[in-house]
Amino acid sequence: MARLKIMSRDDAPPAAQPTLDGVTRQLGFTPNFFAVLANSPAVMAINGALEAGLGKTLDAKTREGIALTTAGVNGCEYCTAAHTYTGHKFAHLSAEDIASAKLGQADDAKLDAALRFARAVAATRGRVSDTDLAEVRDAGYDDGQILEIVANVAKSFLTNMINNVTRTDVDFPAVEGVNG
């Protein structure tokens, strides 16, 4: 059971209601994570700004892979389930892609380098080695893209920490052939 209030749309502060409405339209339901965020329109706005800005960087497979990798490092059950669902539905990740991403790995060499780097960023809290940085550069990522990987890890850290503190009840549909 969640340790912070899961707000209904009608009980949420007016500033949070448009975001809840938009998420509900996009996904067909209101995820408990967003219902928790509705407790603080400021935190909801921060999450939305990060999502909007980072949604224009890297590609969807890389962003979803980073989210799965970071959730794996942080043991976030909710984010693992959420990004298993969104990775499958929106980024068209296969069950194998999702399982590998949870470990910070991918079959594609360039994506693998990004996920290994993301895992290193998350596991070391950003204190990556020169070798980690050289490997992601050698895979073809420029300094701007490296910053985008780091920012995606940081965004995932925010959602992981909120969900781990809250113990948000997982409400994402299971993806056939994939454990959430």
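Residues numbered from 1 in each chain as written. Predicted model: local features only at pLDDT ≥ 70, side-chain atom pairs only at ≥ 80, totals over all residues. Heavy atoms only, no water.

## Points about the packing of helix 8 (residues 130-138) against helix 9 (residues 143-166)
Part 1: Contact pair helix 8 / helix 9: the axes reach a minimum separation of 10 Å and the direction vectors enclose 120°. Relative to helix 9, helix 8 is oriented so that their crossing is right-handed. Contacts between helix 8 and helix 9 involve Leu-133, Val-136 and Arg-137 on the former and, on the latter, Asp-143, Ile-146 and Ile-149.
Part 2: Here the contact of helix 8 with helix 9 is built from residues that sort into 4 nonpolar, no polar and 2 charged. (Axes fitted to C-alpha atoms, helices over the stretch in contact; angles between N-to-C directions. Helix = DSSP H or I, 4+ residues; strand = E, 2+ residues; numbered from the N terminus. Left-handed = near helix turned anticlockwise from the far one by under 90°. Contact = heavy atoms within 4.5 Å. Nonpolar A, V, L, I, M, F, W, Y, C, P; charged D, E, K, R; others polar.)

## Thoughts on the packing of aromatic side chains
Part 1: Here the structure, examined in full by the defined rule, presents 4 aromatic pairs.
Part 2: Pairing Tyr-78 with Phe-172 gives two aromatic rings, centres 5.7 Å apart and planes at 75°, and the pair type is edge-to-face. Residue Tyr-78 is located in helix 5 (residues 77-89), and its partner Phe-172 is located in the segment after helix 9; the two are separated by 94 residues in the primary sequence. Taken individually, Tyr-78 and Phe-172 each receive the classification buried, so the pair is uniform in this respect.
Part 3: A connected cluster of aromatic rings, assembled from ring pairs, spans Phe-29, Tyr-78, Tyr-85 and Phe-172.
Part 4: The residue whose ring lies beneath Lys-110 is Tyr-141, and the NZ or CZ to ring-centre distance is 4.8 Å. (Phe/Tyr/Trp six-rings, centres within 6.5 Å; stacked < 30°, edge-to-face > 60°. Buried < 20%, exposed > 50% of the residue type's maximum accessible area, 1.4 Å probe, protein only. Lys NZ or Arg CZ within 6 Å of the ring centre and 35° of its normal.)

## As for the nonpolar core
Part 1: Counting 22 residues, the largest nonpolar core has Ala-38 and Phe-172 as its most contacted members.
Part 2: Only helix 1 (17-27), helix 2 (32-37) and helix 5 provide two or more residues apiece to this core.
Part 3: With sequence-adjacent residues up to four places away left out, Phe-172 is seen in contact with Leu-27, Phe-29, Pro-31, Tyr-78, Ala-81, Ala-82, Tyr-85 and Thr-86.
Part 4: Ile-66, Leu-68, Ala-106 and Ile-149 belong to the second largest nonpolar core, which has 20 residues in total. (Core = buried A, V, L, I, M, F, W, Y, C linked by side-chain atoms within 4.5 Å.)

## Things to note about the pattern of salt bridges
Part 1: The tally for this structure, following the rule as stated, stands at 6 salt bridges.
Part 2: Here Arg-9 and Asp-21 are joined by a salt bridge, their closest N and O atoms 2.8 Å apart. Of this pair, Arg-9 sits in the segment before helix 1 while Asp-21 sits in helix 1, and the two are 12 residues apart along the sequence.
Part 3: Taking relative accessible area as the criterion, Arg-9 reaches 36% and is therefore assigned partly exposed.
Part 4: Between Lys-155 and Glu-51 there is a salt bridge whose closest N-O contact spans 2.9 Å. One end of the pair, Lys-155, is in helix 9; the other, Glu-51, is in helix 3 (residues 41-54), and 104 residues separate them in sequence.
Part 5: Linked by salt bridges that have partners in common, Arg-9, Asp-10 and Asp-21 make up one network. (Salt bridge = Lys/Arg side-chain N within 4 Å of Asp/Glu carboxyl O.)

## Overview of the packing of helix 7 (residues 109-124) against helix 9
Part 1: Orientation of helix 7 relative to helix 9, taken along the N-to-C sense of each, is 55°, at an axis distance of 10 Å. The orientation of helix 7 with respect to helix 9, classified from their angle, is oblique. Crossing of helix 7 against helix 9: the hand is right-handed. Note on element contacts: helix 9 touches helix 7 through Ile-146, Ile-149, Val-150, Val-153 and Phe-157, opposite Ala-114, Phe-117, Ala-118, Val-121 and Ala-122. (Parallel < 35°, antiparallel > 145°, perpendicular 65-115°, else oblique.)

Honestly, it's all geometry; don't read function into it.
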